[in-house]
Amino acid sequence: MKIVIVIPTYNEALNIGRLIDSLNEVFKLKPDEDFHILIVDANSPDGTAGVVKQKMDTFGNVHILIEEKKAGLGAAYIAAFKYALQNLSPDVIMEMDADFQHNPDDLMKIVNEIQNGNDYVIGSRFTEGGSIPKDWALYRKILSYGGNLFTKLVLGIYQVNDFTSGFKASRVKNFVDRIDLVSVLSGGFAYKIDLLFKMYKLGAKIKEVPITFGLRDRGDSKMERNNFIDSLRVVLSIRYNENSSFFKFALVGFVGLFVDGGLFNILRLTPLRSSLATPVSGFIAMMTTYLLNNYWSFSDRKIDSINKKLVGFIVYVISSTIPILVRSKLVIIATSAFGDTFFVSNTAFFIGIVFGLVWNFLVYSKIIWRKR
Ligand code: GDD
Ligand code: MN
């Protein structure tokens, strides 16, 4: 197996030489594997590239890619992944930091799990046996832990505990080579979350192994300040992209409610009176939401032919009526059983709304605007 370890550097002249030496020692543990190191340097002013080039004279397995300027961790990795795919034909690509916060001795634990048939192996700080520095300030620990929990819940990837670990391995065949690297969200460190999600969607077998995340050896952290906001943006964007039909459908529902209520209160004052105002406003609202759903929420599956439109609309009207009837029934049952108080009637009403939301979305997405 050819394993390429990508190491991004920005002003790591004090660390990178020793790290390359240590790694080459560690590689001897698995003499059958073909290990390579690819440094992606952000044109560091401290001469990091010079140190690497010296090592390239000593070792045949060291490569370097020099960026024009520091462009963020995500940008560096994406450039390095592309370079590796084009020039080194790797079977496995690894990610690792240059500052010894990742212990070279943990490397083989990750490689082992790739050899065991996993496609995406994460050196995890937050699984049993893993750790972050004790000296970290409390707020940093909470942020790190909380951020991971949030990401886990929003993305629904429950087997992962460390979404932003910088120490990991990805299988290339059928995985990295099928990812559109240009589309990766974020040029900062949040790219890790998106890349992980893309691997997950491709059906990668994911495995976490515990690692000890140490203190930085020398130099300062090179991370951008807006990491937190950027990560939040990436997590929410992924969720939105995955469920945009649902979010749009919910918004259309609000618009419908607004049109219905607004028209009702206007028409009520005309000779139509309340009794006729409600079916009219209801029908107009239904037309509006139908059109918005067809041309917006489900625009990728929109109904074009007139006949199908008519049939679609009839099914739409019938199916939208069902949750309204269910809701009325629910309110009647609840209020007659527990009394017609504000709490009882509104609880029943709310349960009805939630039922309607799910019901309508299922009918719309599975029947009327089903994917073809
Ligand atoms: N080429 C390049 N360009 N390299 C960079 C850049 C950049 O813009 N920014 C940072 N690096 C390099 C650093 O030189 C270092 O080798 C590595 O990327 C990680 O940077 P650090 O500055 O040491 O990051 P950290 O210790 O704050 O963050 C670590 O923890 C994060 C999660 O909490 C890293 O492991 C991250 O990968 C991880 O996401
Ligand atoms: Mn670091």
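Rules used throughout
- Residues numbered from 1 in each chain as written.
- Chains lettered and ligands numbered in written order.
- Predicted model: local features only at pLDDT ≥ 70, side-chain atom pairs only at ≥ 80, totals over all residues.
- Heavy atoms only, no water.
- UniProt positions renumbered as here; feature names shortened; annotations may be inferred.
- Helix = DSSP H or I, 4+ residues; strand = E, 2+ residues; numbered from the N terminus.
- Domains from an automatic or database assignment.
- Near = heavy atom within 4 Å.
- Polar contact = N/O pair within 3.5 Å; in protein donor to acceptor, adjacent residues only side chain to side chain.
- Areas by Shrake-Rupley, 256 points an atom, 1.4 Å probe, with all protein chains shown as cover.
- 1 Å grid on protein atoms, 1.4 Å probe; cavity = no way out; pocket = protein on both sides within 12 Å on 5 of 7 lines; lining within 4 Å.
- Sits in = over half its atoms within 2 Å of the grid points.
- Donors = N, O, S within 2.8 Å, 3.2 Å for Na, K, Ca; no water.
- Buried < 20%, exposed > 50% of the residue type's maximum accessible area, 1.4 Å probe, protein only.
- Axes fitted to C-alpha atoms, helices over the stretch in contact; angles between N-to-C directions.
- Parallel < 35°, antiparallel > 145°, perpendicular 65-115°, else oblique.
- Left-handed = near helix turned anticlockwise from the far one by under 90°.
- Nonpolar A, V, L, I, M, F, W, Y, C, P; charged D, E, K, R; others polar.
- Phe/Tyr/Trp six-rings, centres within 6.5 Å; stacked < 30°, edge-to-face > 60°.
- Lys NZ or Arg CZ within 6 Å of the ring centre and 35° of its normal.

Here the focus is the UniProt feature "domain: GtrA/DPMS transmembrane" (unreviewed entry) in the chain. Mapped onto the present numbering, the UniProt feature "domain: GtrA/DPMS transmembrane" (unreviewed entry) falls on residues 248–369. Structurally, residues 248–369 comprises 86% helix and 0% strand, and the distance from its first C-alpha atom to its last is 14 Å.

Right, let's talk about the domain arrangement of the chain for a bit. Annotation of the chain at the domain level lists domain 1 (2–242) and domain 2 (244–368). A straight line from the C-alpha centre of domain 1 to that of domain 2 covers 48 Å.

Okay, the site of ligand 1 next. In the vicinity of ligand 1 lie 26 residues, with Glu12, Asp97, Gln101, Thr164 and Lys222 positioned nearest. The backbone of Thr9 places a nitrogen or oxygen atom 3.4 Å from a nitrogen atom of ligand 1. In the environment of ligand 1, an oxygen atom lies 3.0 Å from a nitrogen or oxygen atom belonging to the backbone of Gly72. Coverage of ligand 1 by the protein chains reaches 96% of its 740 Å² of free accessible surface. In this structure the site holding ligand 1 corresponds to the largest pocket. Counting only elements with at least two residues in the shell around ligand 1, the list comes to strand 1 (2–9) and helix 3 (73–87).

Bound to the manganese ion (ligand 2) are the protein donor atoms Asp99 (OD) and Gln101 (OE1), situated 1.9 to 2.0 Å from the metal. Of the two residues, Asp99 and Gln101, neither departs from the other in class, the shared state being buried.

So, on to the packing of helix 10 (residues 306–338) against helix 11 (residues 342–368). At a minimum axis distance of 9 Å, the contact between helix 10 and helix 11 shows a crossing angle of 160°. Compared by their axis directions, helix 10 and helix 11 come out roughly antiparallel. Helix 10 and helix 11 meet at a crossing whose hand is right-handed. Counted by class, the contact of helix 10 with helix 11 contains 19 nonpolar, 8 polar and 1 charged residues.

So, about the packing of aromatic side chains. Applying the stated rule across the entire model yields 23 aromatic pairs. Their ring planes at 75° and their centres at 5.9 Å tell us that Tyr316 and Trp369 sit as a pair that is edge-to-face. With a gap of 53 residues between them, Tyr316 in helix 10 and Trp369 in the segment after helix 11 connect regions that are remote in the sequence. The structure contains a cluster of three or more aromatic residues connected by ring pairs, namely Tyr240, Phe246, Phe247, Phe249, Phe283, Tyr290, Phe298, Phe313, Tyr316, Phe361, Tyr364 and Trp369. Sitting over the face of the ring of Phe213, Arg125 holds its NZ or CZ atom 5.2 Å from the ring centroid. Note that Arg140 overlies the ring of Trp136, its terminal NZ or CZ placed 3.7 Å from the centroid.

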